[in-house]
Amino acid sequence: MADAKTILVIAEGEDRARELLYGAAQLGERVVFYCQDGGAINAGDVRLKAQEGVAFVEAIPALLAFAEAEKPDAILLETTQNCRLLAGELAAKLGTTPLCDAQSLSIENGKLFSERMVYGGAANRVENEPMPGAIALVAAAAYQPAEDAQAPAEQALEAVASPVKVTGIEEKVVESVNLAAAKTLVCVGRGFGAEEELKLAEDFARHVGGEIGCTRPISEGEGWMSSARYVGVSGLMLKPDVYFGLGISGQVQHMVGVNGARVVVAVNKDPKAPIFDQCDLGLVASVQEALPLLVDAL
Ligand SMILES: Cc1cc2nc3c(=O)[nH]c(=O)nc-3n(C[C@H](O)[C@H](O)[C@H](O)COP(=O)(O)OP(=O)(O)OC[C@H]3O[C@@H](n4cnc5c(N)ncnc54)[C@H](O)[C@@H]3O)c2cc1C
């Protein structure tokens, strides 16, 4: 039985909103949600609906007022920059402290408990905040997505669009990729000696129907891939069905990002590489030689 009466879910994107809605349904009897792109979601009990054209940041004052008036037992947010900002403002308003990067949540004795990784994944920390008004920023893939059931009731959110008029938009070229949705993740590491060699991994990923990710040195050191693709404690935390680690040593800061993967496959030329202690299938080989052969063989 759910332990809390009302849980408020706030997310910008539909995918993350669905995960939070699933988690919220385990915790509370009534789930109210606001999702910027969530018009198609038929889950939860009440959808807060702002007027057409109201941007997420413009809805923040109304969401603060709603939380203050309704005093939900707990508020779950996704971990985007805007949601982190909102979590801080909510905490100041409600006199609490946000529980950050929660990987699981539970309720005990009127408190919201959150478990999250610390020390680069070497330990888990359990924290709690009293309810009502406990706030948690929930890590990606902490919950499975809620499926559509029945349409929620709708309640107007009195948010006002900014009087500032946009006269033109110049798009910043940033890569947008949703690795959280990838069932198969092909990650590359420093075993690739040159940017041109990444084509081998891209061909392999296409062949197995996977998305490409990388270790931090490939993104932040070499600059061969955008930061939207690096996986680990300071990047993305993912839960693919299958993870291929290609030319990756298997340091904890990277591997915690995929420790929920169902199957881990590693290719590394060093038989003593730590990744071989953490994989289900391991191939001792150079990626440059192995990948074309695997593409032919699979
Ligand atoms: C605070 C902190 C946070 C961090 N956060 C992250 C994070 O979020 N994500 C992350 O990824 N890292 C993170 N790191 C860095 C992390 O500790 C490792 O340094 C990094 O993950 C190593 O990347 P790598 O496996 O690509 O490179 P390396 O450790 O250099 O490993 C390369 C591997 O490739 C193998 N190899 C070499 N040539 C070949 C070949 N031809 N074929 C096959 N294999 C080959 C080698 O045997 C080696 O095992 C963090 C570090 C710190 C200190």
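Throughout this description, residue numbers start from 1 for each chain and increase along the sequence as written. With the structure being a predicted model, the display of local features is reserved for residues of pLDDT at least 70 and the display and counting of side-chain atom pairs for 80 or more, all residues being used for whole-chain, interface and lining totals. By convention in this description, side-chain values take in all heavy atoms of the structure and omit both hydrogens and water.

Going by what an unreviewed UniProt entry lists, the protein chain is known as Electron transfer flavoprotein subunit alpha/FixB family protein and is assigned to Parvibacter caecicola. UniProt positions are given in the numbering used here, feature names are shortened, and annotations may be inferred rather than shown by experiment. Quoted verbatim from the Subunit (unreviewed entry) field of UniProt, the annotation for the protein chain is "Heterodimer of an alpha and a beta subunit." According to UniProt, the comment filed for the protein chain under the heading Function (unreviewed entry) is "The electron transfer flavoprotein serves as a specific electron acceptor for other dehydrogenases. It transfers the electrons to the main respiratory chain via ETF-ubiquinone oxidoreductase (ETF dehydrogenase)."

Trainee: I tried to follow the domain arrangement of the protein chain on my own but got confused; where do I start?
Mentor: Reports often express the size of an interface as the amount of accessible area lost when the parts come together. Splitting the protein chain by domain gives domain 1 (4–156) and domain 2 (179–297). Computed from C-alpha coordinates alone, the two centres of domain 1 and domain 2 are separated by 32 Å. Listed per partner, the contact involves seven residues of domain 1 and seven residues of domain 2. Two N or O atoms form a polar contact when they lie within 3.5 Å of each other; inside protein one atom must be a possible hydrogen donor and the other a possible acceptor, and for residues adjacent in sequence the pair counts only when both atoms belong to side chains. Seen at the junction of domain 1 and domain 2, the total is one residue pair in polar contact (both at pLDDT 80 or more). As a working rule, the residues Ala, Val, Leu, Ile, Met, Phe, Trp, Tyr, Cys and Pro are called nonpolar, Asp, Glu, Lys and Arg charged, and the rest polar, with Gly in that last group. Residue composition of the side of domain 1 that touches domain 2, by class: four nonpolar, three polar and no charged. A domain assignment, automatic or from a database, supplies the domain bounds used here. Whether two residues are in contact is decided by their heavy atoms, any of which lying within 4.5 Å being enough.

Trainee: Before we go on, may I ask you to explain the site of the ligand in this structure?
Mentor: By nearness alone, 25 residues border the ligand, and Arg-190, Thr-215, Ser-234, Ser-249 and Gln-288 come closest of all. In the environment of the ligand, an oxygen atom lies 2.7 Å from a nitrogen or oxygen atom belonging to the side chain of Thr-215. In the model, an oxygen atom of the ligand is placed 3.1 Å from a nitrogen or oxygen of the Val-233 main chain. Accessible surface is estimated by sampling points in the Shrake-Rupley manner with a 1.4 Å probe; for residues, cover comes only from the protein chains shown. Protein burial of the ligand: of its 990 Å² of free accessible surface, 75% is covered by the chains. A class-by-class count of the residues in the shell around the ligand yields seven nonpolar, 14 polar and four charged. In these notes, residues near a molecule or strand are those with any non-hydrogen atom within 4 Å of it.

Trainee: I tried to follow the sheet that holds strand β12 (residues 211–214) on my own but got confused; where do I start?
Mentor: In a beta sheet, neighbouring strands are held together by backbone hydrogen bonds and run either parallel or antiparallel to one another. Two strands form a pair only when DSSP identifies at least two bridges running between them. Starting at the N terminus, helices and strands are each numbered in turn, a helix being any DSSP run of H or I of at least four residues and a strand any DSSP run of E of at least two. In space, the five strands of this open sheet follow the order β12-β11-β13-β14-β15, with parallel pairing throughout. On the outer flanks of this sheet lie β12 and β15 (281–284), each paired with one strand and no other. Adjacent strand axes in the sheet meet at a mean angle of 20°, parallel and antiparallel pairs treated alike. Between the N-to-C directions of two axes lies an angle of 0 to 180 degrees, each axis being a line fitted to C-alpha atoms and, for a helix, fitted only over the stretch in contact. The sheet contacts of helix α4 (residues 198–208) involve β11 (184–188), β12 and β13 (242–246), and relative to β11 the element is tilted by about 170°.

Trainee: Help me understand the packing of aromatic side chains in this model?
Mentor: Centre-to-centre distance and the angle between the planes together describe a pair of aromatic rings. Put simply, two rings from Phe, Tyr or Trp (the six-membered ring, in Trp's case) pair if the centres are within 6.5 Å, and we call them stacked under 30 degrees between planes, edge-to-face over 60, tilted for the rest. With the rule as written, the count across this model stands at two aromatic pairs. Judged by centre distance (6.1 Å) and plane angle (35°), the rings of Tyr-34 and Phe-56 are tilted. Here the residue Tyr-34 occupies a position in strand β2 (residues 28–35), and Phe-56 occupies one in helix α2 (residues 56–70), the gap between them amounting to 22 residues. On the basis of relative accessibility, which here comes to 4%, the residue Tyr-34 falls in the buried class. Exposure categories follow from relative accessible area, calculated using a 1.4 Å probe and restricted to protein chains: below 20% of the type maximum is buried, above 50% is exposed, and the middle band is partly exposed. Among the residues examined, Phe-56 registers a relative accessible area of 3% and is labelled buried. With a centroid separation of 5.0 Å and an interplanar angle of 85°, the aromatic rings of Phe-204 and Phe-244 are classed as edge-to-face. Placement of Phe-204 in helix α4 and of Phe-244 in strand β13 is noted, with a sequence separation of 40 residues between them.

Trainee: Teacher, can you tell me more about the sheet that holds strand β8 (residues 123–130) here?
Mentor: Reading across from one edge, β6-β7-β8 is the order of the three strands in this open sheet, with antiparallel pairing throughout. Each of the sheet's edge strands pairs with one partner strand only, and the pair in question is β6 (104–108) and β8. Strand-to-strand twist of the sheet, defined as the mean angle between neighbouring strand axes without regard to direction, takes the value 25°. Relative to strand β7 (residues 111–118), β6 runs antiparallel, the two sharing five bridges. Bridge pairing links Glu-108 to Lys-111 in β7.

Trainee: Help me understand the packing of α4 against helix α7 (residues 287–297) in this model?
Mentor: Working note: a packed helix pair is described by the angle between its axes plus the distance between those axes. Where α4 meets α7, the closest approach of the two axes is 10 Å, and the angle between their N-to-C directions is 30°. Viewed along their axes, α4 and α7 adopt a mutual orientation that is roughly parallel. In the crossing of α4 with α7, the sense of the turn from one axis to the other is left-handed. Contacts from Leu-200, Ala-201, Asp-203, Phe-204 and His-207 in α4 reach Val-287, Gln-288, Leu-291, Pro-292, Leu-294 and Val-295 in α7. When describing relative orientation, an angle under 35 degrees is termed roughly parallel and one over 145 degrees roughly antiparallel, while 65 to 115 degrees is termed roughly perpendicular and anything else oblique. Should the near helix be turned anticlockwise from the far one by less than a right angle, the crossing is termed left-handed; should it be turned clockwise, right-handed.

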